[in-house]
Amino acid sequence: MKTRVLSGIRPTGMLHLGNYFGAVKGMIQLQDDPDRETLYMVADLHAITTPYDPRVLRADTRSVVMSYLAAGLNPEKSTLFVQSDLAEYHAQLSFYFSSVTSVARMQHLPTYKDKIRQHPDNVTMALLNYPLLMAADILVYKAGLVPVGLDQEPHIEVAREIARKMNAVYGLNFPEPERFATSGEYVPSLSGEGKMSKSVVGSYISVLDDLPTIQKSLARAPTDSGTGVSEDMPVSVKNLLQLVELFQGSQRRQEYEVLYTSSGIRYGDLKKELAQAIYTELEPIQQKYRELEKSSEYVEQVIAQGAGKARQITQQTIDETKQAMGFG
Ligand code: TRP
């Protein structure tokens with residue numbers, strides 16, 4: 001049997017480099033592996049766990065589908081779908097999962113704590129349930145492998161715990177999913193703190209940014225005088241070098257590290273070169289994206305076909321689970 005792979009991205013604005021390296025590159029790699037069956041969704045149900053605008057959500061959902069296609073996900077090889085098209089399965093299973101999960105376990109997750117700090121007026125049940133819905137996304141397909149960024153590891157751990165509980169209590173056969181790590185899984189924020197994130201202005205480069213925009217974003221990234229001892233290198237400079245490594249290779253990074261302890265890094269030149277390298281990688285994706293914007297029927301068809309394929313799997317898992325839990 002092929003290992004099933006599931007992943008998703010929340011449609012909150014354009015995809016950025018963090019999504020691209022943390023998730024999409026891994027998704028593409030797994031799609032080309034004949035031993036895997038890949039399912040990739042747009043996690044639009046998860047988008048309502050933080051404040052949102054329905055019109056923007058609809059547009060962002062399509063935009064993520066187009067970004068998937070533009071980046072190289074292939075509907076012939078992967079099932080591409082929108083989570084809310086299967087809401088009755090995903091949400092239903094997450095409700096069943098809530099019966100084997102304690103409130104305290106959910107309240108202690110770092111992602112939950114971050115979000116209630118960011119949105120103190122939006123401490124909702126949906127937010128608390130976020131990890132259960134994610135566990136349901138994965139387990140409704142009995143997926144064993146999940147390509148997501150490092151920050152999602154606590155959620156995968158929750159999914160494993162739930163799988164174990166459901167199997168022990170109800171005699172079901174959910175797999176315990178593992179995270180699939182991509183090489184560039186940690187993309188740092190341009191602000192010098194934490195990871196690249198859509199919720200922090202000035203921290204990210206979008207997959208659709210043009211060269212001048214990338215240059216401007218990099219120009220704002222904090223640096224230092226350009227020389228010093230490597231042990232004292234500020235995080236902001238390490239972050240820039242991390243991006244150099246991702247886009248220009250580890251050798252270029254090492255050259256800058258040597259410069260740092262000798263004649264000094266000229267950040268103006270570094271940023272110019274880096275901006276060009278990032279744009280070179282993104283340009284073909286942007287071109288495909290623009291083409292897809294003109295073929296909305298094709299995108300609709302991909303989404304409808306994906307929902308149909310996904311449903312064939314979800315129905316069976318729900319039937320088994322209901323049966324085991326004493327329903328029907
Ligand atoms: N929580 C994930 C993120 O923010 C998005 C997501 C929702 C997801 N459901 C999923 C990822 C299921 C993998 C599998 O990146």
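Position labels on residues start from 1 in each chain and follow its written sequence. Reporting in this predicted model follows two pLDDT cut-offs: at least 70 for local features of residues, and 80 or more for side-chain atom pairs to be given and counted; totals over whole chains, interfaces and linings ignore these cut-offs and use all residues. Side-chain measures here rest on the full set of heavy atoms in the structure, leaving out hydrogens and waters.

**Quick word on the site of the ligand**
Taken together, 13 residues form the shell around the ligand, and within it Gly8, Tyr130, Met134, Asp137 and Gln152 come nearest. Identification of polar contacts relies on pairs of N or O atoms within 3.5 Å, with a donor-acceptor requirement for protein atoms, meaning one able to donate a hydrogen and the other able to accept it, and with residues adjacent in sequence counted only if both atoms are side-chain atoms. At 2.6 Å, a side-chain N or O of Tyr130 approaches a nitrogen atom of the ligand. At 2.8 Å from a nitrogen atom of the ligand is found a side-chain nitrogen or oxygen belonging to Gln152. Secondary structure elements are defined from DSSP: runs of H or I of at least 4 residues count as helices, runs of E of at least 2 residues count as strands, and each element is numbered from the N terminus. Within the residue set of the shell around the ligand, elements represented by two or more residues are strand 1 (3-9) and helix 7 (125-139). Looking at which element gives the most residues to the shell around the ligand, the answer is helix 7, with 4 residues. Here a residue counts as near a molecule or strand whenever at least one of its heavy atoms sits within 4 Å of it.

**With respect to helix 4 (residues 87-98)**
Each α-helix turn comprises 3.6 residues. Residues three or four places apart therefore point the same way. What a helix is expected to span follows from its residue count: subtract one and scale by 1.5 Å. Across its 12 residues, helix 4 extends 16 Å between first and last C-alpha, which sits within 8% of the 16 Å expected from 1.5 Å per residue. Along helix 4, the positions that sit buried rather than exposed are Tyr89, His90, Leu93, Ser94, Tyr96 and Phe97. Considered in projection along helix 4, the buried side chains sweep an arc of 155 degrees and stay on one side of the axis. Against the buried residues of helix 4 lie strand 2 (36-42), helix 2 (44-47), strand 3 (78-82), helix 7, helix 8 (153-170) and helix 13 (296-325). Residue exposure (1.4 Å probe, protein chains only): buried if accessible area is under 20% of the type maximum, exposed if over 50%, otherwise partly exposed. Summarising the geometry, the arc corresponds to the directions from the helix axis toward the C-beta atoms. Should any heavy atoms of two residues lie within 4.5 Å, those residues are considered in contact.

**Digging into the packing of aromatic side chains**
The criterion for an aromatic pair is that two Phe, Tyr or Trp rings (for Trp, the six-membered ring) have centres within 6.5 Å, with stacked assigned to planes under 30 degrees apart, edge-to-face to planes over 60 apart and tilted to the rest. Evaluation of the coordinates by the stated rule reveals 5 aromatic pairs. Here Phe97 and Phe174 contribute two aromatic rings whose centre-to-centre distance is 5.8 Å and whose plane-to-plane angle is 85 degrees, an arrangement assigned as edge-to-face. Of the two residues, Phe97 is situated in helix 4 and Phe174 in the loop between helix 8 and strand 5 (178-180); the sequence distance between them amounts to 77 residues. Judged by its relative accessible area of 0%, Phe97 is buried. Three or more aromatic residues joined by ring pairs make a cluster, and in this case those are Tyr20, Phe21 and Phe247. In this analysis the charged atom, NZ for Lys or CZ for Arg, is taken to sit over a ring once it is within 6 Å of the ring centre and within 35 degrees of the ring normal. Note that Lys142 overlies the ring of Phe174, its terminal NZ or CZ placed 5.9 Å from the centroid. A cation sits over an aromatic face here: Arg252 above Tyr256, 4.6 Å from the ring centre.

Function cannot be inferred from these measures alone, as they are strictly geometric.
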